[in-house]
Amino acid sequence: MKQRPANESTEAFSVRTSSVRWREWATPVIDAALICAVGLALGGLARPEVAVGTLAFLAALLGTGALAPRSLRHPSSELSRVGLAWLMAMCLLSVYAVSFGSPQRLGASLVALAVAGVVVVLGRATTRLAQRSAARRGFGVENVVVVGNFARASTVAASIERAAKGSAQVVSLVCPADGARLPASVGSAAVVHGGLDATVLTALYTRAGRVVVADGACATSEGFSELVWQLSQSAPGLRVDLATGLEGVEGSRLRLVPHAGAALISVAMPAQNNPWRRAGKRALDLLLAVPALVVLAPVMLLIAAVIRLDSAGPVFFTQQRVGRDGSLFTMYKFRTMRPDAEALRAELDAQNEAAGPLFKLSRDPRITRAGRLLRSFSLDELPQLLNVLKGTMSLVGPRPALPHEVASYDERARQRLRVKPGLTGPWQVGGRSELGWDEGLGLDLGYVNNWSLPGDAALLTKTVQAVLTRRGAY
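Sequence order as written defines the numbering, with residues in each chain counted from 1. Local features in this predicted model are restricted to residues of pLDDT 70 or higher, and side-chain atom pairs are both shown and tallied only at a pLDDT of 80 or more, whereas totals for entire chains, interfaces and linings draw on every residue. As a convention, hydrogens and water are excluded, and side-chain values are obtained from all of the structure's heavy atoms.

**Q** Give a description of the sheet that holds strand 4 (residues 189-193) that names residues and reports values.
**A** Strands pair, by our definition, only if DSSP identifies at least two bridges between them. A helix here means a DSSP run of H or I that spans at least four residues, while a strand means a run of E at least two residues long, and both kinds are numbered starting from the N terminus. One open sheet accounts for six strands, arranged 3-4-2-1-5-6; its pairing is mixed. Sheet topology places strand 3 (185-186) and strand 6 (239-243) at the edges, where each strand pairs with a single neighbour. The pairing of strand 1 (residues 142-147) with strand 5 (residues 210-214) spans four bridges and is classified as parallel. Looking at the pairing, V145 lines up with V211 of strand 5. We call two residues in contact when some of their heavy atoms are within 4.5 Å. An axis is simply a line fitted to the C-alpha atoms; with a helix, the fit covers only the stretch in contact. Between two such axes, the angle follows the N-to-C directions and lies from 0 to 180 degrees. On top of the sheet, helix 5 (residues 150-164) reaches strand 1, strand 2 (168-175), strand 3, strand 4, strand 5 and strand 6; it is set at about 170° to strand 2, its chief contact. Relative to strand 6, helix 7 (residues 221-234) is tilted by about 155°, and along the sheet it contacts strand 5 and strand 6.

Below you can see the structure in the form of structure tokens.
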């Protein structure tokens, strides 16, 4: 960390210029402006029903917390709140139309509400894209200070930067001066020895927008309260987060429970253990897989013809894979390798480029010309839609493993088998073969523990982008 000039006082640093404060409030302000613009464009000044529709949507957004700045940090929560607000506004309009005896005017109100809803969603998507673009250029990046013992603070810092994807950077770790010899920095973050005073001065000096207190950083609740008080006095508007240590549990599963004398956090049970949600996932699989098979049937016939013309051997490749709870099933793929590929595998083990139990070669000599093209666009996976129909696979989930791979799993890795394997999943969206075993396993376990239908929909959308960019496909 750069030394502060001696002629500058501590008070000079109490006026923070964090670029994040405006970013938090930009989207709700833009929302309000867009909704009012829609109302005016549709004649809200002359048509009371249009004005009522736009005002009802604004009130519902405010009531659901969709306009609260902190909700903007989670895209899935943000969209769900906007959707809930839209439904609430529709109910309000229905009550208004019935109460004032003007159901014939309900149509104009609903049109205004529909247009406003689309505009808000597009506005929020555009705002997020603009923020990410600015962050990649170094603008609007939030400075974060992490407080705690060195090992825990380093872990929390890495997690923050990984999740932020460029929108935040950890500029300093403040660790207790316990006599341990610590490095001067970790990556781009300076390591500072000290306690409460050091934390306050570091936050001021770095113009931090957020201070994250790792669990165990404060010996008592009084110590934590004092830290928050000092930060609020010295840096108004600074946000303080408490790292709970609940790694792998998404915020959507956490809820603060009021309790006298203690702050309790309720953790929702994994959705996979809920039979109704499992039924919903199965319904989504069938709803999408059946029409996909119908639409893609001509493409699959063309692929089959190309495979037969390119090399001798069967069109389809079948293989035993491990499904949910360790059950075996037959997985279908288009053949992309020579018919004797399995026999040649032992000769290539020494060239394996993958870590853990996986086997990957970026230039596998067993792959045919047609197979290389099919793999680059993941077209060889299309027959697995049949597995989805049979119920042995889902559209989204961890990729199905081979029996010999599962035999080498430790207890942590075996958690992948708690759900049905998927045609696509977080590992494929996150980079496929570019990811190491530990990194990919972490993504899969995050999916297992935090599965949701909106999350599946998001992964299916991202799969299209991953396939088109062909990142990590070989």
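Still more ground to cover, so stick around.
**Q** Give me the lowdown on a nonpolar patch on the surface, citing residues and values where you can.
**A** Side chains of L286, V290, V294, V295, L386 and L389 sit close together on the surface and give an oily, nonpolar patch of about 490 Å² of accessible area. For the nonpolar patch, the secondary-structure elements that each account for two or more residues are helix 8 (275-310) and helix 11 (384-390). In terms of residue count, helix 8 provides more of the nonpolar patch than any other element does, four residues in total. Residue position: V290 is located in helix 8. Each patch is assembled from residues with relative accessible area greater than 30% and no salt bridge, linking like charges that lie within 9 Å and nonpolar side chains (Val, Leu, Ile, Met, Phe, Trp, Tyr) that lie within 5 Å. Only the protein chains shown count as cover for residues, and all accessible areas are computed by the Shrake-Rupley method using a 1.4 Å probe. Note on definitions: salt bridges are taken to be side-chain nitrogens of Lys or Arg within 4 Å of carboxyl oxygens of Asp or Glu.

**Q** Before we move on, could you go through the side chain of E381 and cite the residues and values that matter?
**A** Mapping E381 onto the fold places it in the loop between helix 10 (369-376) and helix 11. For E381, a relative accessible area of 14% puts it in the buried group. The contact partners of E381, leaving out residues within four places of it in the chain, are K333, R399 and L423. For each residue, the accessible area found with a 1.4 Å probe, counting protein chains only, is set against the maximum for its type, and the residue is called buried under 20%, exposed over 50%, and partly exposed in between.

**Q** Please set out unusual backbone geometry residue by residue, giving values where relevant.
**A** Of note, the phi angle at D325 is positive, near 60°, even though the residue is not glycine. Tracing the sequence through the fold places D325 in the loop between strand 9 (316-322) and strand 10 (328-334). Positive phi, normally seen in glycine, also occurs at S378, with a value near 60°. Take S378: its relative accessible area is 18%, and that puts it in the buried class.

**Q** Break down helix 10 for me, with residues and values.
**A** Turning to helix 10, its buried residues number three or more, namely A370, G371, L374, R375 and S376. S378 sits one or two positions beyond helix 10 and adopts a positive phi of about 60°.

**Q** Now, about the packing of helix 8 against helix 10: what can you tell me, with residues and values included?
**A** Two elements in contact, helix 8 and helix 10, have axes whose closest approach is 8 Å; the angle formed by their N-to-C orientations is 150°. Taken together, the axis directions place helix 8 and helix 10 in an arrangement best described as roughly antiparallel. Residues I303, V306, I307 and D310 of helix 8 pack against R369, A370 and L374 of helix 10. Three residue categories are used. Nonpolar comprises Ala, Val, Leu, Ile, Met, Phe, Trp, Tyr, Cys and Pro, charged comprises Asp, Glu, Lys and Arg, and polar comprises the others, including Gly. For the contact of helix 8 with helix 10, the residue count by class is five nonpolar, no polar and two charged. In what follows, roughly perpendicular refers to angles from 65 to 115 degrees, roughly parallel to angles under 35, roughly antiparallel to angles over 145, and oblique to any angle outside these ranges.

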